[in-house]
Amino acid sequence: MSTPDIRVEKGHAEPEEVAAITAILLARAAATPAEAPTHRPLPKAGWRRLEREGGFRAPHSWH
């Protein structure tokens, strides 16, 4: 005899209840996923590498 695919661990489930949960699980497995989340580019770093900066910076500038 083969082992069942679904087993009730605690309590007693009627055949209709097992059929209902099986239908729900099969429907979830067959459903196509919603649109995959789009990957947003990472925001620009808040710091700068000084060796890549220009040599002159105005004294009144913040950047």
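Heads up: the structure comes first, above all this text.
Residues numbered from 1 in each chain as written. Predicted model: local features only at pLDDT ≥ 70, side-chain atom pairs only at ≥ 80, totals over all residues. Heavy atoms only, no water.

Caption draft 1: Spatial organisation of the overall build of the protein. When helices and strands are counted, the protein shows 1 helix and 0 strands. For the protein, the proportion of its 63 residues judged to be buried stands at 0%. Per element, the accessible surface of the protein, about 7100 Å² overall, is 60% carbon and sulfur. (Helix = DSSP H or I, 4+ residues; strand = E, 2+ residues; numbered from the N terminus. Buried < 20%, exposed > 50% of the residue type's maximum accessible area, 1.4 Å probe, protein only. Areas by Shrake-Rupley, 256 points an atom, 1.4 Å probe, with all protein chains shown as cover.)

Caption draft 2: Structural context of the environment of Ile6. One can find Ile6 in the segment before α1 (15-30). Those residues in contact with Ile6 that lie beyond four places of it in its chain are Thr22 and Leu25. (Contact = heavy atoms within 4.5 Å.)

Caption draft 3: Examining the environment of Ala13 more closely. Relative to the elements of secondary structure, Ala13 occurs in the segment before α1. Judged by its relative accessible area of 24%, Ala13 is partly exposed. If we skip the residues at most four places from it in the chain, Ala13 touches Val8 and Val18.

Caption draft 4: Main features of a nonpolar patch on the surface. A cluster of nonpolar side chains, Ile6, Ile21, Ile24 and Leu25, forms an exposed patch at the surface whose accessible area comes to about 340 Å². Relative to the helices and strands, Ile21 resides in helix α1. (Patch = residues over 30% accessible without salt bridge, like charges linked within 9 Å, V, L, I, M, F, W, Y side chains within 5 Å. Salt bridge = Lys/Arg side-chain N within 4 Å of Asp/Glu carboxyl O.)

Caption draft 5: Main features of the pattern of salt bridges. For the structure shown, the criterion picks out 1 salt bridge. A salt bridge links Arg7 to Glu9; the shortest N-O distance between them is 2.7 Å. Residue Glu9 is classed as exposed on the basis of its relative accessible area, which comes to 63%.

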